[in-house]
Amino acid sequence: MAEENNNISWRVFNMFLVLVVVILTTIIAYVYERVDGQRYRASLRGDLTQQASILRATMEGKLAQSAEIVKTVAALIDADPAVIDGRLSMIIDELLGDDSILRDIAIAPDLVVRHVYPLQSNESVIGLDYSKNREQFVAVSRALAIGGTVVAGPVKLVQGGEGFIIRAPVLSDEPDKQWWGIVSGVINTSTFYKLAGLANHSPQFDIALRGKDGTGANGAVFYGSDAVFRNDPVLTDIIFPNGSWQMAIAPKGGWPAHPPNFNHTRLIFILGALLTIFFVLTASRLAQKREQAENLLASAVDAVDAGLALFDENDYLVACNSTFQSYYGDKINLTNPRRRFIDILKDIVDSKMIPEAIGREEEWIAERIRYHRQATSSMERLLGDGRWIRIEERRTPDGGTATVTADITDLKKAKDQAEQANRAKTEFLNTVTHELRTPLTVILGFTPLLANSRELPSARKLQEVLEQDSPDTQAIRRCADDLIGEISRYASSMDKAGRHLLCLINDILDLSKAESGLMAINPSACQLDQVMQEIVEQFQPTAQDKGLTLNFESSGATVLADTIRLNQIMVNLVGNALKFTDRGEIRITAKDDGSFVKVCVQDTGCGIPNDAITNIFSVFTQADNSDTRRATGTGLGLAISRKLVEMHGGRIWAESEPGKGSTFCFTMPKPGHT
Ligand code: ADP
């Protein structure tokens, strides 16, 4: 579920990344295209300006050259009108030459054309009276008015076609006459446009000219479309004598918004965006995989039962799992900010959570660091809360340290218990050996005496009496009685020792059967009073011998028990009570306790020390293990009794006050109890 959520958030993040890349690329592309468009238009304008100045220079050059020729002819006539009939024709021929764009020059004394050079194909002009030609008269009168050269046109020519006319006035020497006439040079517009470079300009831009008759920016458009002037064109003034034209150049179809390689640029941006998205998504996928791997590692580290911590080569804690943190509780700050090993140690010492460090803090830290510096180390520590931990450290190849901490409290407890059990077993073996040896010593001590019964003092005495010459019958009888009495005493001691041995061996067998689960019980309803009565009768002689009172309070209770085993339990408890009581009384009681009957054996004996009472039901345990303990025993009786009681479904316990006496109680189920 968590992983699914994680995947979803990664997907959202990836979409966000793609969106960011798309938006950023769009913004960059938009800004770039704008700037690039402006730069392109500026460069285009520069190109057109350059183009315009070339055209301007060409046109101005051609017009100036033509005007100069016309002015020269006018000056020649002005100097000597007779030149017209003389060598003017030859001079004009020379002036027009090969490179002039003037197609003809007309001379009009009194504003009527009388001469035209060359005459051929211009005959129709002869006789043209400017004062009667409305279209041409405007320019003629302007030239006369300003007394200088003017460029007129384009106008329709009398001889056909269209042309520019350069007019230069010739002033008069006569006092009543201001001007002599006018000299006009005609340029074919088509020739002019061609030679000026207008006719064959690049098809990528449009050119227009305005300022008919040299009226400049205010004049009418005479070449190209007036739309060019409305299209933010590059404007250039073409200056000539007493007038000007204005030329406009603009890209065909208007100024382009984008440079011609715009589609390539856009394609590059799109490819760039796709490439960036690919890289960003790949990086994001790698980051996701890395995060997943880290999460996996973190959860694996967290899943480990032991505490794991990693320190880098500078001894900073770089990672640890929750188990590791749990050992130090919230007393120690392990992660925030990054902590060094030494600082964590100082905090541990300050928190007093390690009992062995208290009072020797510096020494403990130095010792701990010494371990930490080793390639591998292992140590066990007792924490203040009673837990035992084992710390194992390994140096990693990159110079860091991996620390594994495990809670070994249970292990320690089990070890302690095993050691305690082992000690008890050893003590038991000592005790059993001692207990076995005592009766055996007795038996083996008497056996040689009986084997050599002739050497017995009473046997020797009998021998002496018998060897007398006349043995006294009375004496013989006395000696024989003594011998028999001595042998009986020895035999009875051997019998007692043998029985004790048997008891001991039976106890050991019983216990081993109970321990290995081989002992079976056969419970049946039995009268408790009857069992108790027999016990009292059995132990009464011993009680009387010790001067003790042994009582049983009848209860009339019935229990569900194996009579033999119940008897065994009672023999043990009453036997112990008699063994550990020197004066006073032993009382046996039985009381109803729910679905059980509680049986107690109370004595007024030596009692059991508090620290021993919890262990006396364990196998091989005696309250007094000293060599000087006064009562004999194996330490098995109560352990066997506990097993037997538990096999019946009951429980057994003891209460005691040292010096005042003890009470041993156990419960037995009533019939019908399951
Ligand atoms: P033992 O054979 O040594 O009596 P038990 O298992 O019967 O073995 O008893 C274990 C120990 O419990 C005894 O050695 C003794 O120290 C203590 N004990 C048992 N019963 C009594 C009692 N009535 N009064 C005082 N101590 C007792």
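Anything mentioned here points back to the structure above.
Here the structure is a predicted model, which is why all the values come from computation and not from measurement.

Caption draft 1: Quick peek at the state of the cysteines. Applying the stated criterion to the full structure yields one disulfide. With a sulfur-sulfur separation of 2.2 Å, C600 is cross-linked through a disulfide to C665. Taking the sign of the torsion about the S-S bond as the criterion, the disulfide between C600 and C665, at about 110 degrees, is right-handed. With C600 in strand β19 (residues 596-603) and C665 in strand β21 (residues 661-669), the pair connects residues that are 65 residues apart, well separated along the chain. Assigned by exposure class, C600 and C665 land together as buried. Cysteine C606 shares no disulfide, and the gap to the nearest cysteine sulfur, in C665, comes to 17 Å.

Caption draft 2: Broad picture of the packing of helix α11 (residues 473-515) against helix α15 (residues 637-647). Where α11 contacts α15, the axes come no closer than 10 Å and their chain directions differ by 40 degrees. The angle between α11 and α15 places the two elements in the oblique class. In the packing of α11 onto α15, the handedness of the crossing is left-handed. Here α11 contributes D507, D510, L511, A514 and E515 to the contact with α15, which in turn contributes A639, I640 and K643.

Caption draft 3: Representation of the side chain of D510. Counting through the fold element by element, D510 comes out in helix α11. Once residues within four sequence positions are removed from consideration, D510 is found in contact with M519, R565, Q568 and I640.

Caption draft 4: Structural detail: the sheet that holds β21. The five strands are arranged β16-β18-β19-β21-β20 in an open sheet whose pairing can be described as mixed. Both outer strands of the open sheet, β16 (549-552) and β20 (652-657), are each paired with one neighbouring strand and no more. Pairs of neighbouring strands in the sheet enclose a mean axial angle of 15 degrees, with direction left out of account. Both strand β18 (residues 585-593) and β19 contribute to a ladder of eight bridges, which runs antiparallel. Across the sheet, K591 pairs through a bridge with K598, a residue of β19. Running over the sheet, helix α12 (residues 528-546) touches β16, β18 and β19 and is turned about 175 degrees from β16.

Caption draft 5: Main features of the pairing of strand β10 (residues 307-311). What you see with β10 is a clean split: G307, A309 and F311 sit on the buried side and L308 and L310 on the side with no burial. Counting the residues between successive antiparallel strands, the hairpin from β10 to strand β11 (residues 317-320) contains five residues, one of them, D315, with a positive phi of roughly 70 degrees.

Caption draft 6: Region of interest: the sheet that holds strand β7 (residues 221-223). Pairing is antiparallel across the open sheet formed by four strands, whose spatial order is β7-β6-β9-β8. Among the strands making up the open sheet, the edge pair consists of β7 and β8 (234-240). Averaged over all neighbouring strand pairs, the angle between strand axes comes to 30 degrees, with direction disregarded. Pairing between β8 and strand β9 (residues 243-251): seven bridges, direction antiparallel. Each residue of the ladder has a partner; that of I238, found in β9, is W245.

Caption draft 7: How the structure looks around unusual backbone geometry. Residue P118 is reached from Y117 by a cis peptide bond, and omega for that bond is -10 degrees. Tracing the backbone shows P118 in the loop between β2 (115-117) and α3 (134-146). With omega at 10 degrees, the peptide bond leading from G153 into P154 counts as cis. Relative to the assigned elements, P154 resides in strand β3 (residues 150-156).

Caption draft 8: Spotlight on a nonpolar patch on the surface. Taken together, L19, I23, I27, Y30, V31 and V35 make up a surface patch of nonpolar side chains, about 580 Å² in accessible area. In this structure, L19 sits in helix α1 (residues 2-79).

Caption draft 9: Structural context of the environment of W255. Mapped onto the elements of the fold, W255 is located in the loop between β9 and α5 (262-303). With 412 residues separating them along the chain, W255 and T667 place their C-alpha atoms 115 Å apart. Apart from residues lying up to four places away in sequence, W255 is in contact with R41, L44, R45, L48, N231, D232 and V234. A polar contact of 2.9 Å, which involves the side chain of W255, links it to the backbone oxygen of D232.

Reading the values: rules and limits
- Residues numbered from 1 in each chain as written.
- Predicted model: local features only at pLDDT ≥ 70, side-chain atom pairs only at ≥ 80, totals over all residues.
- Heavy atoms only, no water.
- Disulfide = S-S within 2.5 Å.
- Helix = DSSP H or I, 4+ residues; strand = E, 2+ residues; numbered from the N terminus.
- Buried < 20%, exposed > 50% of the residue type's maximum accessible area, 1.4 Å probe, protein only.
- Axes fitted to C-alpha atoms, helices over the stretch in contact; angles between N-to-C directions.
- Parallel < 35°, antiparallel > 145°, perpendicular 65-115°, else oblique.
- Left-handed = near helix turned anticlockwise from the far one by under 90°.
- Contact = heavy atoms within 4.5 Å.
- Pairing = 2+ DSSP bridges.
- Patch = residues over 30% accessible without salt bridge, like charges linked within 9 Å, V, L, I, M, F, W, Y side chains within 5 Å.
- Areas by Shrake-Rupley, 256 points an atom, 1.4 Å probe, with all protein chains shown as cover.
- Salt bridge = Lys/Arg side-chain N within 4 Å of Asp/Glu carboxyl O.
- Polar contact = N/O pair within 3.5 Å; in protein donor to acceptor, adjacent residues only side chain to side chain.

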